[in-house]
Amino acid sequence: MKILLVEDENSIAEDIRQALEAAGYVCDRADNGEDAWFLGDTENYAAIILDLGLPGMDGITVLKKWRAAEMNTPVLILTARGSWIERVEGIDAGADDYLPKPFRMEELLARLRALLRRAEGKASPVMRAGDLALDTAHMRVSVRGIPVNLTPLEYRALSYLMHRQGQVVSQFELAEHVYGHDEEKESNAIEVLIGRLRRKLKAGVIKTRRGFGYIIEEAEAPS
Ligand code: CA
């Protein structure tokens, strides 16, 4: 897996590079914001480690430009110790995790592994549960490969349940994520919506947990 390391201080960069390579990663390095922006925009990295304090274009600006260009690679930012402002700005700009300097290399590697695992869970735009496939990139749903036409509301409800796969979602929570603030809805709207979804999917994939809500069970791990 190829990692982009953006760090202007040579000694820190060299330590991180060695640790990354020892842990089996391939590492590209940029020592300024402009090069970082270009590499992140043109190369396909599994993850990016981004120092925020950079000469020229600073790390927050680079990150904002990447995210504005819909670059979805997970980004771990390295922030100044104690600077909660930097952490907040970084996360708001689209960072997936942060690590205050100075840090233990073991912790950097552990956070990187966690980032890559999480990205893997969501890396494929197609989410599956039994015979059901939901393509989040194209907003398409199919059962055993046969396309199912859903209304936007039905799609939102199914998509939310799939993103929370393995967890029980209450009617209240589902309504929050399905309806806009000013959309009119009947008190039984979610039950009706789930009923329609079940008829369309014919897959029995949405289970009811009485008194708690709805759940789509985890897909079996591929053997
Ligand atoms: Ca720096």
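A. Expanded view of the environment of Phe-212. Tracing the sequence through the fold places Phe-212 in the loop between β10 (206–209) and β11 (213–216). Under the relative-accessibility criterion, Phe-212 is labelled exposed at 63%. Counting along the chain gives 25 residues from Phe-212 to Ser-187, while the straight-line C-alpha distance between them is 16 Å. Setting aside its immediate chain neighbours within four residues, Phe-212 contacts Val-168, Val-169 and Ser-170.

B. Representation of the coordination of the calcium ion within the structure. Around the calcium ion, the protein contributes the donor atoms Asp-8 (OD), Asp-51 (OD) and Gly-53 (O), at 2.1 to 2.3 Å from the metal centre. Sequence spacing of the donors to the calcium ion: D-x42-D-x1-G. Take Asp-51: its relative accessible area is 5%, and that puts it in the buried class. With a relative accessible area of 44%, Gly-53 lands in the partly exposed category.

C. Quick peek at the sheet that holds strand β4 (residues 75–79). With parallel pairing, the five strands of this open sheet are ordered in space as β2-β1-β3-β4-β5. Each end of this open sheet is capped by a strand with a single partner; those strands are β2 (26–30) and β5 (97–100). Taking the axes of each pair of neighbouring strands and ignoring which way they run, one obtains an average angle of 20° across the sheet. Bridge count for β4 against β5 is four bridges, and the pairing is parallel. Each bridged residue has a counterpart across the sheet, and for Ile-77 the counterpart in β5 is Tyr-98. Contacts between helix α3 (residues 59–68) and the sheet are confined to β1 (2–6), β3 (47–51) and β4, with β3 contributing the most and set at about 150° to the helix. Running at roughly 160° to β4, helix α4 (residues 84–92) makes contact with β4 and β5 of the sheet.

D. Here's a closer look at the sheet that holds strand β6 (residues 126–129). If you trace the four strands from one edge of the open sheet to the other, you get β6-β7-β8-β9, paired in antiparallel fashion. Every interior strand has two partners, whereas the edge strands, β6 and β9 (146–148), have only one. On average, each strand axis in the sheet is inclined to that of its neighbour by 30°, with strand direction left out of account. Note: strand β8 (residues 140–143) against β9, three bridges, orientation antiparallel. Bridge pairing links Ser-142 to Pro-147 in β9. Set on the sheet, helix α6 (residues 152–163) makes contact with β6, β7 (132–135) and β8; between it and β7 the angle comes to about 105°.

The rules behind the values
- Residues numbered from 1 in each chain as written.
- Predicted model: local features only at pLDDT ≥ 70, side-chain atom pairs only at ≥ 80, totals over all residues.
- Heavy atoms only, no water.
- Helix = DSSP H or I, 4+ residues; strand = E, 2+ residues; numbered from the N terminus.
- Buried < 20%, exposed > 50% of the residue type's maximum accessible area, 1.4 Å probe, protein only.
- Contact = heavy atoms within 4.5 Å.
- Donors = N, O, S within 2.8 Å, 3.2 Å for Na, K, Ca; no water.
- Pairing = 2+ DSSP bridges.
- Axes fitted to C-alpha atoms, helices over the stretch in contact; angles between N-to-C directions.

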